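Read off the chains here:
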Amino acid sequence: MAQLERITQPHAPAVDGVDTVLARMRAVGADLPPRDGVAVFNRVYLAVTEALDRAIDTGRAGGFADRRAAATLDVRFAERYLTAVDAASHGLRAPACWRPLFQFRRHPGVRPLQFALAGINAHIGHDLALAVMDTCRTLGCEPTAVEDEFERVGDILVTLEERIREELMPGPDLLQVADPLTHLLGSWTLERARDGAWAAAQALWALRELPALSAEFGHRLDASVGLVSRMLLTPLPD
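In short, a report on the structure. (Residues numbered from 1 in each chain as written. Predicted model: local features only at pLDDT ≥ 70, side-chain atom pairs only at ≥ 80, totals over all residues. Heavy atoms only, no water.)

## Quick word on the side chain of D127
At step 1: With respect to the element layout, D127 can be found in helix α6 (residues 112-139).
At step 2: Of the side chains with opposite charge, R80 comes closest to the buried, unpaired D127, at an N-O distance of 5.8 Å.
At step 3: A polar contact is formed between the side chain of D127 and the side chain of H126, at a distance of 2.8 Å.
At step 4: When neighbours within four sequence positions are excluded, D127 is seen to be in contact with F77, R80, Y81, C97, W98 and A122. (Helix = DSSP H or I, 4+ residues; strand = E, 2+ residues; numbered from the N terminus. Buried < 20%, exposed > 50% of the residue type's maximum accessible area, 1.4 Å probe, protein only. Lys, Arg positive; Asp, Glu negative; His and termini not counted. Salt bridge = Lys/Arg side-chain N within 4 Å of Asp/Glu carboxyl O. Polar contact = N/O pair within 3.5 Å; in protein donor to acceptor, adjacent residues only side chain to side chain. Contact = heavy atoms within 4.5 Å.)

## Here we look at the packing of aromatic side chains
Aromatic ring pairs are described here by two measures, namely the spacing of the ring centres and the angle between the planes.
At step 1: Evaluated as defined, the whole model comprises 8 aromatic pairs.
At step 2: Note on Y45 and F77: the rings are 6.0 Å apart at their centroids and 70 degrees apart in plane angle, and the pair reads as edge-to-face. Separated by 32 residues along the polypeptide, Y45 in helix α3 (residues 37-57) and F77 in helix α4 (residues 67-89) bring together distant segments of the chain. Each member of the pair, Y45 as well as F77, carries the same accessibility label: buried.
At step 3: Relative to W198, the ring of F150 lies with its centre 4.8 Å away and its plane at 45 degrees, an arrangement referred to as tilted. (Phe/Tyr/Trp six-rings, centres within 6.5 Å; stacked < 30°, edge-to-face > 60°.)

## Here we look at the pattern of salt bridges
At step 1: Scanning the model with the defined rule gives 12 salt bridges in all.
At step 2: R194 is the salt-bridge partner of E191, the closest N and O atoms lying 3.6 Å from each other. Pair noted here: E191 and R194 are both in helix α9 (residues 190-206), with a separation of 3 residues, about one helical turn.

## Focus: the packing of α3 against α6
At step 1: One can describe the packing of α3 onto α6 by two numbers: an axis separation of 8 Å at closest approach and a directional angle of 65 degrees. With respect to their mutual orientation, α3 and α6 come out roughly perpendicular. Where α3 crosses over α6, the two elements pack in a sense that is right-handed. Note on element contacts: α6 touches α3 through P112, F115, A116, G119, I120 and H123, opposite G37, V40, F41, V44 and Y45. (Axes fitted to C-alpha atoms, helices over the stretch in contact; angles between N-to-C directions. Parallel < 35°, antiparallel > 145°, perpendicular 65-115°, else oblique. Left-handed = near helix turned anticlockwise from the far one by under 90°.)

## What to know about the nonpolar core
At step 1: In terms of nonpolar packing, the biggest core is built from 72 residues, with Y45, F64, Y81, W98, I120 and V132 touching the most fellow members.
At step 2: Among the secondary structure elements, those contributing two or more residues to this core are α2 (18-30), α3, α4, α5 (99-104), α6, α7 (147-168), α9 and α10 (211-232).
At step 3: For this core, the element with the highest residue contribution is α6, accounting for 15 residues.
At step 4: Beyond its immediate chain neighbours, meaning those up to four positions away, F64 contacts L52, A55, I56, G59, A70, E149, R152, V153 and I156. (Core = buried A, V, L, I, M, F, W, Y, C linked by side-chain atoms within 4.5 Å.)

Written out as structure tokens, the structure is:
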């Protein structure tokens, strides 16, 4: 994990604020065909980040009492995704959690909703825990100090999940019980992924003075989240 970050970081975009994050995401989307799996996820993530930016701007009215902590978490979170995209664009090895999306991004048997959920799974299941760690190092605080911001970010993500499913659902009606996508989607929820991310962040923080164990935990987290993403991207019949 640490080795991967050292390799990919020189190519990572310089992200120093939410506006920069939004500009970078828009640039990523502009360079990709709409049906590309990364483009599908990028549109979803851009909408989420725009919603977070609006909420952070309103401070307490948007549910963020500490705007600096919220903005730091938002930016550190986005940096993980943008670094993975940049690594892939340079032919470098991305984290395991992102590889299935990059590998299957043009597969004709994978539906747009699958691309979106696989990206969300990688970003929430793996990147969010590391973003909490990055935020705590930046602010010089414990994870509990940013728990309220973490929960509010999660609340916004959960409210958008239903809209994402509705917008990307194939056809105007609800999926039929016999449709394989119905069963695939039932195997994953954003709320469970968010709960797992907080538990992983706490574990990584507790292990921060034990670098070998921390690296091993991070590697296994990356691999396990990647396995779920790969299953979410199972090609399905029309």
